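Residues per chain are reported as follows:
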Amino acid sequence: MTDRATEILAGSKTIAVVGLSRDPAKASHGVAAVLQAHGFRIIPVHPSADELLGQKVYRSLTDIPEPVDIVDVFRPSEDTPPIAEQAVAIGAKALWLQQGIVSAESRRIAEEGGLAYVEDRCTAVVRAVANLSVR
């Protein structure tokens, strides 16, 4: 039996990672690297880095010049509503708040904007359990 998070990830190829850290020891960096290693296109969103995981970094979601399937968020819960608004504005398919991140307001914004929504789940864990890869 597949859950909604698995369905969302299985139907996706391009993941914008908001809050991707420069520090390889941080969860955001490790999760994005694992997803990238399994064929997902990672688009880093960071306020000051120029390149992360070999990819050009964008300052905000609205600066990304290509379609995004999932907006994967590694920011505190209180920072997520504006990110949800940007995810809707760029026409992403889903907003995914990482493990430990929950926001009723972001859920409302995403769902009213037609996006699938996942919170408090790790994309890398969902990928591993379902053995998903993009090839």
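Residues numbered from 1 in each chain as written. Predicted model: local features only at pLDDT ≥ 70, side-chain atom pairs only at ≥ 80, totals over all residues. Heavy atoms only, no water.

Student: Can you break down the overall build of the chain residue by residue, with the values?
Tutor: Along its length, the chain carries five helices and seven strands. Each helix and strand of the chain, ordered N terminal to C terminal, gives the series α-β-α-β-β-β-β-α-β-α-β-α. The C-alpha radius of gyration computed for the chain amounts to 13 Å, which stays within 12% of the reference 14 Å derived for 135 residues, consistent with globular compactness. C-alpha atoms of the chain, sized along the principal axes, occupy 35 × 35 × 25 Å. (Helix = DSSP H or I, 4+ residues; strand = E, 2+ residues; numbered from the N terminus. Rg over C-alpha atoms; globule rule 2.2 N^0.38 Å.)

Student: Outline the pattern of salt bridges, supporting the account with residue identities and numerical values.
Tutor: Inspection of every chain in the model, using the stated rule, returns 10 salt bridges. In this structure, Asp 69 and Lys 93 form a salt bridge, with 3.2 Å as the shortest nitrogen-oxygen distance. Placement of Asp 69 in the loop between strand E4 (55-56) and strand E5 (70-73) and of Lys 93 in the loop between helix H3 (80-89) and strand E6 (94-97) is noted, with a sequence separation of 24 residues between them. Taking the shortest distance from any N to any O, the salt bridge between Glu 111 and Arg 107 comes out at 3.2 Å. Of this pair, Glu 111 and Arg 107 are both found in helix H4 (residues 104-112), four residues apart, which corresponds to roughly one turn of the helix. Residue Glu 111 is classed as partly exposed on the basis of its relative accessible area of 45%. Via salt bridges that share partners, Glu 105, Arg 108 and Glu 112 belong to a single interconnected network. (Salt bridge = Lys/Arg side-chain N within 4 Å of Asp/Glu carboxyl O. Buried < 20%, exposed > 50% of the residue type's maximum accessible area, 1.4 Å probe, protein only.)

Student: An account of the packing of helix H2 (residues 27-37) against helix H5 (residues 123-130) is requested, with residue identities and associated values reported.
Tutor: For the pair H2 and H5, the least separation of the axes is 9 Å and the interaxial angle reads 35°. In terms of crossing hand, the pair formed by H2 and H5 is left-handed. Across the interface between the two elements, Val 31, Val 34 and Leu 35 of H2 pack against Thr 123, Ala 124 and Arg 127 of H5. A per-class count over the contact of H2 with H5 returns four nonpolar, one polar and one charged. (Axes fitted to C-alpha atoms, helices over the stretch in contact; angles between N-to-C directions. Left-handed = near helix turned anticlockwise from the far one by under 90°. Contact = heavy atoms within 4.5 Å. Nonpolar A, V, L, I, M, F, W, Y, C, P; charged D, E, K, R; others polar.)

Student: Pulling in residues and values, what's your account of the sheet that holds E6?
Tutor: Read from one edge of the open sheet, five strands run E2-E1-E5-E6-E7, paired in parallel fashion. Each edge of the open sheet carries a strand with a single partner, namely strand E2 (41-45) and strand E7 (116-118). Neighbour-to-neighbour, the strand axes of this sheet turn through a mean angle of 20°, independent of strand direction. Inspection of the sheet shows E6 paired to E7 by three bridges, in the parallel sense. Of the residues in E7, the one forming a bridge with Ala 94 is Ala 116. Lying on the sheet, H4 is in contact with E6 and E7; it crosses E7 at an angle near 160°. (Pairing = 2+ DSSP bridges.)

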